[in-house]
Amino acid sequence: MLLSELSPGQRFLLFLGRNWVIFFLCFLCVLFSFTGAGFLSPKTLNNILITSSPALLLAAGETFVIIAGGIDLSVGFVRGLISVISAIIIRDLYAAGYSPYIAIFWGIVVGIGVGLLPGLVNGILVAKFRVPPFIATLGIYGVANGVALRLSQGFPITFLPPEVGEIGNGFVAYFLPGKGYSFFRRPAEILPEDMRNLIGIAPFAFLIALLFILIFAFILSRTVFGQHTYAVGGNIDAARRAGIPVDRHLIKVYMIASFFAAMGGVMYTLRFVTGRADAGAARMLDSIAAVVIGGASLYGGTGNIIGSLIGTLIIGVLETGMVNLGLPTHNKYVYVGVILILAVLIDQFFPEFVEKGGT
């Protein structure tokens, strides 16, 4: 049935159904603002953005893979591997006498470059050798974890220059009530008692993640590459008959997922001033859940990055809200599981609520 043929009431229900995640996010924010003290304070909002950034990066890459009809279980441990590699490079170059910023630069470049390799292997296994995505990426999951543990000997990589944390935990601006603003650095000669009142504005970690997400959201929704991604996920045989180079496209899609996982690994190192093999273990399932909650179908062919962004924020708000209320954070997994099942049921029984293609 065409949209013009629907009654106003039916159009309203369709609008609610297609945007239920946005309304649910608003509901959570209102709920926690009434039940928890200071939930809407700048510090709490900053904390939501910062803690959501890792899952957001993984979810952005996972969105491409799921829309193309696959799944990538390796992104969490690829993140851990790149966290270890970038931390080792930064540590060793700094110890060799290089400027901390030169060391950080090469740690980022080499980390992201190496991070593309797991995606290349995943793509070749899936596209060329017809290995099921679940098995192929599960295998790379184990390889990435094993290599990371071997490189780190099972211990965190430490002794990085302090400038690493300044970048990873920095803000565009800082505001201290009564003393004004400062940009990119904390106010000079700040007193210890003023630290609790210092407010950071626009965290670097979230802005960097958001920049890349908006770029790839444009690629997915407004370019031929994005159209081919939806076509491959919607009907791979029809995509082949239409002349789309499906094998090459799938390889690129899995490399995009690994690129975002590598970005997440680098951001972990910059934020925590360390590298850990398990840096992304807890965020892999969050990223998949965020994509599905955001409207993507595990059958392929539907979804978008903005929906994944909203799904990630729902998980971040849940986690932060429960901490604010003093509730055990492991309850988050129960709530996320319920929301995830709800999203899948909507996809199954109310397909008209799921916008197709890049719309």
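Just so you know, the residues in each chain are numbered from 1, in the order the chain's sequence is written. At least 70 in pLDDT is required for a residue's local features to be given in this predicted model, at least 80 for side-chain atom pairs to be given and counted, and no such filter applies to totals for whole chains, interfaces and linings, which use all residues. Computation of side-chain values covers all heavy atoms of the structure but excludes hydrogens and water.

Caption draft 1: Spotlight on the overall build of the protein. When its secondary structure is counted, the protein shows 14 helices and three strands. Here the protein has a C-alpha radius of gyration of 21 Å; the compact-globule value for 359 residues is 21 Å, and the two agree. Taking the principal axes of the C-alpha coordinates as reference, the protein spans close to 65 × 50 × 35 Å. Residue pairs at least 24 apart in sequence account for 76% of intrachain contacts in the protein once pairs closer than 6 positions are excluded. The charge count includes Lys and Arg as positive and Asp and Glu as negative, but it does not include His or the ends of the chains. Charged side chains are reduced to one point each, which is NZ for Lys, CZ for Arg, CG for Asp and CD for Glu. Positive and negative charge centroids in the protein, built from 22 and 17 side chains respectively, lie 4 Å apart. Helix and strand definitions here come from DSSP, where helices need a minimum of 4 consecutive H or I residues and strands a minimum of 2 consecutive E residues; each element is numbered from the N-terminal end. Only the C-alpha atoms count toward the radius of gyration. The rule for a globule is 2.2 Å times the residue count to the power 0.38. Residue contacts are defined here by distance: any two heavy atoms, one from each residue, within 4.5 Å place the two residues in contact.

Caption draft 2: Geometry of the sheet that holds strand 3 (residues 199–203). Strands sit in the order 2-1-3 across an open sheet of three strands; the sheet is antiparallel. Edge positions in the open sheet fall to strand 2 (180–183) and strand 3, since each of these has one partner strand only. For this sheet, the mean angle separating the axes of adjacent strands, direction not counted, is 20 degrees. Two strands qualify as a pair provided that DSSP identifies no fewer than 2 bridges between them. Where strand 1 (residues 171–176) lies against strand 3, four bridges are found, and the strand directions are antiparallel. Counterpart to Phe171 in the pairing with strand 3 is Pro203. Structural elements are reduced to axes, namely lines fitted to C-alpha atoms, with helices fitted over the stretch in contact, and the angle between N-to-C directions of any two is expressed from 0 to 180 degrees. Seen against the sheet, helix 3 (residues 42–67) touches strand 1 and strand 3 and runs at an angle of roughly 30 degrees to strand 3. Docked against the sheet, helix 8 (residues 204–222) engages strand 1 and strand 3, running at close to 15 degrees with respect to strand 3.

Caption draft 3: Up close: helix 4 (residues 75–95). Here a helix's expected span is defined as the number of its residues, less one, multiplied by 1.5 Å. The end-to-end C-alpha distance of helix 4, which contains 21 residues, comes to 30 Å, matching closely the 30 Å that a straight helix rising 1.5 Å per residue would cover. Counting buried positions over the 21 residues of helix 4 gives 16, a clear majority of the element. Positive phi shows up at Gly97, right after helix 4, with a value of about 105 degrees. Relative accessibility under 20% of the residue-type maximum defines a buried residue, over 50% an exposed one, and the middle range a partly exposed one, all with a 1.4 Å probe and only protein chains included.

Caption draft 4: Layout of the pattern of salt bridges. Within this document, salt bridges are pairs made up of a side-chain nitrogen of Lys or Arg and a carboxyl oxygen of Asp or Glu, the two lying within 4 Å of each other. With the rule as written, the count across this model stands at seven salt bridges. Of the charged contacts, one joins Asp247 and Arg130 as a salt bridge, the two residues approaching to 3.7 Å between their closest N and O atoms. Here the residue Asp247 occupies a position in helix 11 (residues 246–272), and Arg130 occupies one in the loop between helix 5 (100–127) and helix 6 (133–152), the gap between them amounting to 117 residues. Overall, the relative accessible area of 16% leaves Asp247 in the buried class. Residue Arg240 is joined to Asp247 by a salt bridge in which the shortest nitrogen-to-oxygen separation is 3.4 Å.

Caption draft 5: Helix 11, seen in detail. Under the 1.5 Å per step criterion, the end-to-end length of helix 11 is 39 Å for 27 residues, consistent within 8% with the ideal 39 Å. With 22 of its 27 residues buried, helix 11 lies for the most part within the structure. Val273, located one to two residues past helix 11, shows a positive phi value of around 55 degrees.

Caption draft 6: How the structure looks around the state of the cysteines. Cysteine sulfur atoms that pair up within 2.5 Å are treated as a disulfide. Under the counting rule described, the total for this entry stands at zero disulfides. The structure places no disulfide on Cys26, whose sulfur is separated from the nearest cysteine sulfur, that of Cys29, by 6.5 Å.

Caption draft 7: Structural context of the nonpolar core. The criterion is simple. A nonpolar core is a set of buried Ala, Val, Leu, Ile, Met, Phe, Trp, Tyr and Cys residues joined through side-chain atoms within 4.5 Å. One finds Phe260 and Ile314 to be the most contacted residues of the largest nonpolar core, which totals 88 residues. Of all the elements, helix 11 adds the most residues to this core, at 15 residues. Excluding its chain neighbours within four sequence positions, the residues that come into contact with Ile314 are Val21, Phe24, Leu25, Leu28, Ile293 and Ile339. By size, the runner-up hydrophobic cluster in this structure holds five residues, among which are Phe171, Tyr174, Leu176 and Leu198.

Caption draft 8: Layout of a nonpolar patch on the surface. Together, Tyr98, Ile102, Phe105, Trp106, Val109 and Val110 give the surface a local cluster of nonpolar side chains, amounting to about 550 Å² of exposed area. Residue placement: Phe105 occurs in helix 5. Taking the relative accessible area as the measure of exposure, Phe105 reaches 46% and is therefore partly exposed. Patches here: salt-bridge-free residues with over 30% relative accessible area, like charges joined within 9 Å, nonpolar side chains (Val, Leu, Ile, Met, Phe, Trp, Tyr) joined within 5 Å. Accessible areas in this description were obtained via Shrake-Rupley with a 1.4 Å probe; residue shielding takes into account the shown protein chains only.

Caption draft 9: View of the packing of aromatic side chains. Two aromatic rings from Phe, Tyr or Trp, using only the six-membered ring of Trp, form a pair when their centres are within 6.5 Å; if the ring planes differ by under 30 degrees the pair is stacked, by over 60 it is edge-to-face, and anything between is tilted. Taken as a whole, this structure holds 13 aromatic pairs when the rule is applied. Here the aromatic residues Phe64, Phe212, Phe216, Phe225, Phe259 and Phe260 are joined through ring pairs into a cluster of three or more.

Caption draft 10: Seen up close, unusual backbone geometry. With a phi close to 55 degrees, Arg130 is a non-glycine residue in the positive phi region. Its identity as a non-glycine residue notwithstanding, Ala202 has a phi of 60 degrees, on the positive side. Here Ala202 is to be found in strand 3. Relative accessible area serves as the criterion here: at 26%, Ala202 is assigned to the partly exposed category.

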